[in-house]
Amino acid sequence: MAKRPASKRASTEAQPQYKVEYREIQPYGTLKDLPIALEDNARKQSVETLNQVLVDTMTLRDMYKKHHWQMSGATFYQLHLLLDKHYEEQADLVDMIAERIMALGGISIAMAPDVAEMTKIPRPPKGREDVPTQLARLLEAHEIILRQAHDGAEAADETGDDGTNDLLVSNVIRTHEPQVWFLAEHLAATDLVRADR
């Protein structure tokens, strides 16, 4: 059998094979068997809980960016920066939660249509809203996720899933609580200056 010339072989080897048959290797809702010393029922429960927290975190993350871009008013600069900081922190949580789901042998939600279908956070309008409305929407979303995180942490503790419990308490809850505090304080009805002076 004759060998192809080196130049012909190199150009063939360098050619990307981009026309492939698409195939799914693990259906959504299934678990891979992993030796992580957790029962299947515990892993399944945690994956379901974490996927809900994940889609709501993705929604909140994107709402932060929307309000960051559409901020207005006397506190524009400060809130513009604060909302972007919170956006980055939520983006970090998205990655942590998704990776935990995969480490449990599950499949993490990843695409925008699936997020829109599953989120429990009410959708804001496409248009621009005033500052109190923007902040109130963010606070409502935080509360939805915090309730899920508290319930999920308790359930994970009961099934012995210490990793999920730790993620929900140490990362999700401890990120959300100070963000709620920072946002809520902007809605206090205090004046910049006293009228009696």
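These numbers come from a predicted model, not from an experiment.

Draft legend 1. Geometry of the overall build of the protein. The number of helices and strands found in the protein is six helices and zero strands. Shown N-terminal to C-terminal, the secondary structure of the protein runs as helices and strands in the order α-α-α-α-α-α. Taken over C-alpha atoms, the radius of gyration comes to 23 Å for the protein, far larger than the 16 Å a tight globule of 197 residues would show. A principal-axis box enclosing the C-alpha atoms of the protein has dimensions of 100 × 50 × 25 Å. Each of the 197 residues in the protein was classed as buried or not, and the buried ones make up 37%. Of the roughly 12,800 Å² of accessible surface on the protein, a fraction of 54% belongs to carbon and sulfur atoms. Here the protein holds 23 positive side-chain charges and 32 negative ones, and the gap between their average locations is 11 Å.

Draft legend 2. Spotlight on empty space enclosed by the protein. Counted under the stated rule, the structure contains one cavity of 30 Å³ or more. Counted as a void, the largest cavity has a volume near 30 Å³. Surrounding the largest cavity, Gln45, Ser46, Thr49, Gly152, Ala155, Ala156 and Thr164 form its lining. For the lining of the largest cavity, the elements supplying multiple residues, two or more each, are α2 (40-70) and α5 (131-159). Considered class by class, the residues forming the lining of the largest cavity number two nonpolar, five polar and no charged.

Draft legend 3. Quick peek at unusual backbone geometry. Within the chain, Ala37 stands out as a residue other than glycine whose phi angle is a positive 60°. Following the sequence through the fold, Ala37 ends up in the loop between α1 (6-14) and α2. On the basis of relative accessibility, which here comes to 81%, the residue Ala37 falls in the exposed class.

Draft legend 4. Representation of helix α3 (residues 76-103). Its 28 residues place the ends of α3 40 Å apart at the C-alpha level, agreeing with the 40 Å of an ideal helix rising 1.5 Å per residue. What α3 keeps buried is the set Leu79, Leu82, Leu83, His86, Tyr87, Gln90, Leu93, Val94, Ile97, Ala98 and Ile101. Against the buried residues of α3 lie α2, α5 and α6 (162-185). The positive-phi residue at the C-terminal boundary of α3 is Gly105, with phi of around 95°.

Draft legend 5. Focus on the layout of surface pockets. By volume, the largest pocket amounts to about 440 Å³. If you trace the largest pocket, you find 18 residues lining it, with Thr59, Asp62, Val115, Ala116 and Arg123 closest to the centre. Looking at the lining of the largest pocket, the elements with two or more residues in it are α2 and α4 (112-118). A per-element tally of the lining of the largest pocket places α2 first, with six residues. Its residues assigned to classes, the lining of the largest pocket comprises eleven nonpolar, two polar and five charged.

Draft legend 6. Up close: α2. Helix length check: α2, at 31 residues, gives a terminal C-alpha distance of 45 Å against a target of 45 Å (1.5 Å per residue), a fit within 8%. Of all 31 residues in α2, 23 are buried; the element is thus mostly enclosed.

Draft legend 7. Structural context of the side chain of Thr119. Relative to the elements of secondary structure, Thr119 occurs in the loop between α4 and α5. A distance of 3.1 Å separates a polar atom in the side chain of Thr119 from a polar atom in the side chain of Thr59. Contact partners of Thr119, with chain neighbours within four places excluded, come to Gln52, Val55, Asp56 and Thr59.

Draft legend 8. View of the environment of Gln26. Tracing the backbone shows Gln26 in the loop between α1 and α2. Under the relative-accessibility criterion, Gln26 is labelled buried at 14%. Expressed as a C-alpha distance, the spacing of Gln26 and Gln134, which sit 108 residues apart in the sequence, is 39 Å. With residues up to four places along the chain from it excluded, the contact list for Gln26 reads Leu31, Lys32, Gly105, Gly106 and Ile107. A polar contact of 3.1 Å, which involves the side chain of Gln26, links it to the backbone oxygen of Thr30. There is a polar contact of 3.0 Å between the side chain of Gln26 and the backbone oxygen of Gly105.

Procedures and definitions
Residues numbered from 1 in each chain as written. Predicted model: local features only at pLDDT ≥ 70, side-chain atom pairs only at ≥ 80, totals over all residues. Heavy atoms only, no water. Helix = DSSP H or I, 4+ residues; strand = E, 2+ residues; numbered from the N terminus. Rg over C-alpha atoms; globule rule 2.2 N^0.38 Å. Buried < 20%, exposed > 50% of the residue type's maximum accessible area, 1.4 Å probe, protein only. Areas by Shrake-Rupley, 256 points an atom, 1.4 Å probe, with all protein chains shown as cover. Lys, Arg positive; Asp, Glu negative; His and termini not counted. Charge placed at Lys NZ, Arg CZ, Asp CG, Glu CD. 1 Å grid on protein atoms, 1.4 Å probe; cavity = no way out; pocket = protein on both sides within 12 Å on 5 of 7 lines; lining within 4 Å. Points joined across faces, edges and corners; volume = space filled by probe spheres on them. Nonpolar A, V, L, I, M, F, W, Y, C, P; charged D, E, K, R; others polar. Expected span 1.5 Å × (residues − 1). Contact = heavy atoms within 4.5 Å. Polar contact = N/O pair within 3.5 Å; in protein donor to acceptor, adjacent residues only side chain to side chain.

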